[in-house]
Amino acid sequence: MAIVAIATLTYASGGTSGTNTITFTNVTNVALGQIIAGTGVSTLTNCYVVNITGNTLTLSSNLAANAAGTYYTYATSATQTGTNILLGKIAFTWKGTYAAGTTYARQDVVIYNGSSYVCLQDSTLGQTPANLTAYWQLFAQGVGSVSANAGEVIYNNGSGLVALPAGTAGQVLTINASGFPSWAAPDIRSATKVKALVSNGMGQQASMYRHNYVIMNDNSVKMWGWNGNYCLGEGTTNSRSYPGRVAFPPTFPGALKIWGNFQYNGICIDTTGQLWTWGYNTEGQCGNGTTTVVTVPYNASANASNSIYGKIVVEVAVGVGNQTGNCITVLCSDGTVHCTGYNPYGQIGDGSTTNKTNFVQNSVLSNVIKIAQTRELYTAVAAVTSTGALYTWGYNGDGQLGNGTTTNSTIAGTRSLGALASKFIYDISGGYMSFHSLARSTATTATATYSSGGASGATTITMTSVTGVVVNQIVTGTGIPALTTANITGGAFVPGIKPTRVVSIVGNVVTLSNALTAQAAGTYNFYQAGHSAAWGGGNVTYGCFGDGTFVDSSTPVVVFSGDNNPVEEIYSPNYDYPVSFCRKADNTWYVAGAGNYGANLDSTNSHRSSWVQILPTGVTTSNYITKVVKSGTGSYNWMAALDKNGAVYTWGYNGNGALGIGNTTNQQNGTIVKPPISIRKVVDIQTHSSGSEQNLVMLMDDGQLWITGYAGSYSNTDDRAQNFYTPQPVIF
């Protein structure tokens, strides 16, 4: 209100306490809405004039007294008319960091978890800010309640502030499909880097006729080369001189593993465990219910007529060789085995000799952890269970079933003869006409009691005593990853888990080859390791068993007997002119079998029936070999090895430059070959070939792919169809 009086009035009588009218001697200059003050008028309630009748004023409030005297009227605005304004506490008071034991008044401001809050009620005590809005209200948003970790990014997700966790080295900040910030790899052209090579190789069929597949960094599959039988899976039979995409549908979740079956089929397990097939299908091996060629990938897992429907496929076994007459055997995560395709010798395992165009489950088998096949056409199939039992079925003309006969079998049967008697079998590998297995003894060599000291994820465990325990024994017990346990990696079942063994002993502390999964006390059992057996055909000429003889056997014969340096991997991956190789616990590798072109490291090109160590110049115990691959059909054998430091060594046949050493000279000892990028290392190697038409591919640690060797049908991606004699980059 104004501080200057507009009019003065003299009151004599007539006003009554409790009424709102008062009569003056005159009301000159008085107007409606003016505030009035004087004896008997309550100014605290902003009493103002609401009516004038002659000298009688009607007020907005009742009189408090009726004393005579002088009264004043004051100017007021229209917005003030009739309004009571309670200003109360008109300033905010900063109280610093919130303390639970402090009593706060209305409009006190505190800081809590990086944000500031204003108090809404007097005498507020013990009410935490940000939790009870009846006592506190957000005054200024901070980030302490949103993020407490270094490197996080704060953003609004539409409901409030949230933290984006810090990214990893090399990532960039981008926007995801929801419109929110996210970390991603640097923006590059999709699928230009290779993630994985084909699964053909150690323990698998190595021959692919003039073509190849790779899995890219976006989990797509690219291919190039020969395209007969629609084996490239892109809808035509045109050979391709540059990598193109296999024509999976847009809903394809991405590839986990992929195989090539010579010049006939492509086979893929996707990231969800579904099986895809394409190509040659005359015997029904694509599992689509027909014998019509499949031009682009077909999802066999989506067909309810297939026994794999609704299951997760984890492994595939395909025949070693270059003929038609193929069946495809798969292993599922529930330990079941399923097969489709060619079946005149009972290789489907359903008791019949009729081809199948849909996958059929093997009703005899359960809890299987590993499968393998021999050659195409005359196929024998093997399976190992989690209980250490070996089953075989199918063709047996060369004793491949290991049951002491040469009679075919349409039903899987257990095999425990000869060198496999009283053994716990945990691995199997199929070759051209034979099998190799790995086993441990079933008799306990030593026991030890564990009380404390082991932690989940650790590789050491402290026993109360370790009497009778020696290095390289296989160990089982509570908390040890056992052969009976499915290994889970990235959500996917991995079959054929290798046994945990003793690496070293220091006092009562035992170091293991696999990390503990639990730390429960109990008794642990130790077994003699390294028993290896072979059986079947091919040994009579080539010595591919490695047992020191040139004799075929329908009963498993000893290759290695358990010792302090047991065999941990053994393979015979090629077609005819078979060569086998193995890795022992000390990471030394050995080869036996056909000696053509010095592939078995024999300078006279003679066949070897006994193992000789693979030891290229430059390989030592510190840069030991980690992988060996074999290629070539007919007599054109050659091999390549990868060491721990990323160097590659090649030897054997080199007529088309597959050894990558700049010439076509055959080699009888490992010669180092490496793409000309000194700062990069090779992380994986693979071959694809037929006869003398051979290629070596090398995957680098940055996803680049290099290739050397034969050019027919553009198998080395050269559009001039010219051989490469040194490694050249594959351009995606």
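Residues numbered from 1 in each chain as written. Predicted model: local features only at pLDDT ≥ 70, side-chain atom pairs only at ≥ 80, totals over all residues. Heavy atoms only, no water.

> What's the story with the overall build of the chain in this structure? I'm lost.
When you go through the chain residue by residue, the secondary structure sums to 1 helix and 56 strands. Relative to its length of 732 residues, the chain is extended, with a C-alpha radius of gyration of 42 Å against a globular reference of 27 Å. With respect to the three principal axes, the spread of C-alpha positions in the chain is 145 × 65 × 55 Å. Every one of the 732 residues in the chain was classed for burial, and the buried ones make up 52%. Excluding contacts between residues fewer than 6 apart, the proportion of contacts in the chain whose partners are at least 24 apart in sequence is 52%. In the chain, which carries 30 positive and 29 negative side-chain charges, the distance between the mean positions of the two groups comes to 5 Å. (Helix = DSSP H or I, 4+ residues; strand = E, 2+ residues; numbered from the N terminus. Rg over C-alpha atoms; globule rule 2.2 N^0.38 Å. Buried < 20%, exposed > 50% of the residue type's maximum accessible area, 1.4 Å probe, protein only. Contact = heavy atoms within 4.5 Å. Lys, Arg positive; Asp, Glu negative; His and termini not counted. Charge placed at Lys NZ, Arg CZ, Asp CG, Glu CD.)

> Got a minute to help me understand the environment of Val-384 in this structure?
Within the secondary structure, Val-384 is located in strand S30 (residues 380–385). Taking the C-alpha atoms as reference, Val-384 lies 35 Å from Asn-669; in sequence the two are 285 residues apart. Those residues in contact with Val-384 that sit more than four places away from it in its chain are Asn-367, Val-368, Ile-369, Lys-370, Ala-389, Leu-390, Ile-425, Tyr-426, Asp-427 and Ile-428.

> How should the pattern of salt bridges be read in this particular structure?
For side chains bearing opposite charge, pairing can occur when the charged atoms are close. Across all of its chains, the model carries 16 salt bridges by this definition. For Asp-602, the salt bridge goes to Arg-608, with nearest N and O atoms at 3.7 Å. Note on Arg-608: relative accessible area 22%, which makes it partly exposed. Here Arg-680 ties to Asp-702 by a salt bridge, and the two come within 3.8 Å at their closest N and O atoms. (Salt bridge = Lys/Arg side-chain N within 4 Å of Asp/Glu carboxyl O.)

> Help me understand the environment of Thr-21, please; the structure alone is not making it clear to me.
By the secondary structure assignment, Thr-21 is in strand S2 (residues 21–23). By relative accessible area, Thr-21 is classed as partly exposed at 31%. Between the alpha carbons of Thr-21 and Thr-56 there is a distance of 6.7 Å; along the sequence they are 35 residues apart.

> Can you help me understand the sheet that holds strand S49 (residues 625–631) in this one?
Paired through their backbone hydrogen bonds, the strands of a sheet run either parallel or antiparallel. Strand order in this open sheet of 4 strands is S49-S50-S51-S52, and the pairing throughout is antiparallel. Here the strands that pair on one side only, and so sit at the sheet edges, are S49 and strand S52 (667–673). Going across the sheet, the axis of each strand differs from the next one's by a mean of 20°, ignoring polarity. (Pairing = 2+ DSSP bridges. Axes fitted to C-alpha atoms, helices over the stretch in contact; angles between N-to-C directions.)

> Before we go on, may I ask you to explain the packing of aromatic side chains in this structure?
Note on aromatic pairs: each is described by the distance of the centres and the angle between the planes. Under the counting rule described, the total for this entry stands at 32 aromatic pairs. Their ring planes at 80° and their centres at 5.9 Å tell us that Tyr-11 and Tyr-71 sit as a pair that is edge-to-face. In this pair, Tyr-11 is assigned in strand S1 (residues 5–11) and Tyr-71 in strand S6 (residues 69–74), connecting sequence segments 60 residues apart. By relative accessible area, which is 3% here, Tyr-11 ends up buried. Pairing Tyr-636 with Tyr-653 gives two aromatic rings, centres 4.8 Å apart and planes at 65°, and the pair type is edge-to-face. With a gap of 17 residues between them, Tyr-636 in the loop between S49 and strand S50 (638–643) and Tyr-653 in the loop between strand S51 (648–652) and S52 connect regions that are remote in the sequence. (Phe/Tyr/Trp six-rings, centres within 6.5 Å; stacked < 30°, edge-to-face > 60°.)

> Would you explain the sheet that holds strand S33 (residues 423–430) in this entry?
On the basis of which strands lie adjacent, the open sheet formed by 4 strands has the order S33-S34-S43-S44 and antiparallel pairing. Either end of the sheet is taken by a strand with one partner, and the two such strands are S33 and strand S44 (553–560). Going from strand to strand, the sheet's axes swing by 25° on average, the running direction of each strand aside. Here S33 pairs with strand S34 (residues 434–441) via 7 bridges, running antiparallel. Bridged to Gly-430 within S34 is Phe-435.

> Sorry if this is basic, but what is going on with the pairing of strand S55 (residues 705–709) here?
As a general feature of sheets, a regular strand has side chains that alternate between the two faces. Extensive coverage of S55 is indicated by the burial of 5 of its 5 residues. Here S55 shows no split at all, with Leu-705, Ile-707 and Gly-709 on one side and Trp-706 and Thr-708 on the other all buried. In terms of strand pairing, strand S54 (residues 693–700) meets S55 through 5 bridges, oriented antiparallel. By the bridge assignment for S55, Leu-696 is matched with Thr-708. In textbook terms, the turn of a hairpin is the stretch between consecutive antiparallel strands, and for S54 and S55 this stretch comprises 4 residues, one of which, Gly-703, has a positive phi near 90°. Looking at chain direction, S55 and strand S56 (residues 724–729) are connected through 3 bridges and run antiparallel. Pairing of Ile-707 across the sheet is with Gln-728, part of S56.

> Where do I start with the nonpolar core in this structure?
Burial of nonpolar side chains together is a common tendency in soluble globular proteins. Counting residues in hydrophobic clusters, the biggest one holds 23 residues, and the most contacted among them are Tyr-213, Val-221, Val-246, Phe-248, Ile-258, Cys-268 and Trp-278. Mapped onto this core, the elements with two or more residues apiece are strand S18 (211–216), strand S19 (221–225), strand S21 (255–261) and strand S23 (275–279). In this view, Ile-258 contacts Val-198, Ser-199, Asn-200, Tyr-213, Ile-215, Val-221, Ile-267, Cys-268 and Trp-278; residues no more than four positions away in its chain are not counted. Tyr-542, Val-612, Ile-614 and Trp-651 belong to the second largest nonpolar core, which has 18 residues in total. (Core = buried A, V, L, I, M, F, W, Y, C linked by side-chain atoms within 4.5 Å.)

> Before we go on, may I ask you to explain the environment of Thr-324 in this structure?
Following the sequence through the fold, Thr-324 ends up in the loop between strand S25 (313–317) and strand S26 (327–332). Spatially, the C-alpha atoms of Thr-324 and Thr-282 are 8.8 Å apart, while their sequence positions differ by 42 residues. The residues touching Thr-324, leaving out its near neighbours within four places in the chain, are Tyr-264, Tyr-280, Glu-283, Glu-376 and Leu-377.

> Looking at this structure, I do not really get unusual backbone geometry. What am I missing?
For residues besides glycine, phi is generally negative; the peptide bonds are generally trans as well. Of note in this structure, Ser-123 is not a glycine but carries a positive phi near 60°. With phi around 70°, Thr-717 is a residue other than glycine that occupies positive phi space. Locating Thr-717 in the fold gives a position in the loop between S55 and S56. A relative accessible area of 14% places Thr-717 in the buried class.

> Explanation requested: the confidence of the model for the chain in the structure shown.
A low pLDDT score tells you not to read the predicted coordinates there in detail. Considering every residue of the chain, the mean pLDDT works out to 87; 92% of them sit at 70 or more. Note that pLDDT drops below 50 for residues 78–84; the model gives that stretch 7 contacts with residues more than four away or on any other chain. Note on residues 484–493: pLDDT under 50 across the span, and 11 contacts to partners over four residues away in sequence or across chains. (pLDDT = per-residue confidence, 0-100.)

> Explanation requested: the side chain of Gln-373 in the structure shown.
Structurally, the position occupied by Gln-373 is in strand S29 (residues 368–373). According to the relative accessible area criterion, Gln-373 is buried, its value standing at 4%. A polar side-chain atom of Gln-373 sits 2.5 Å from a polar atom in the side chain of Thr-329. (Polar contact = N/O pair within 3.5 Å; in protein donor to acceptor, adjacent residues only side chain to side chain.)

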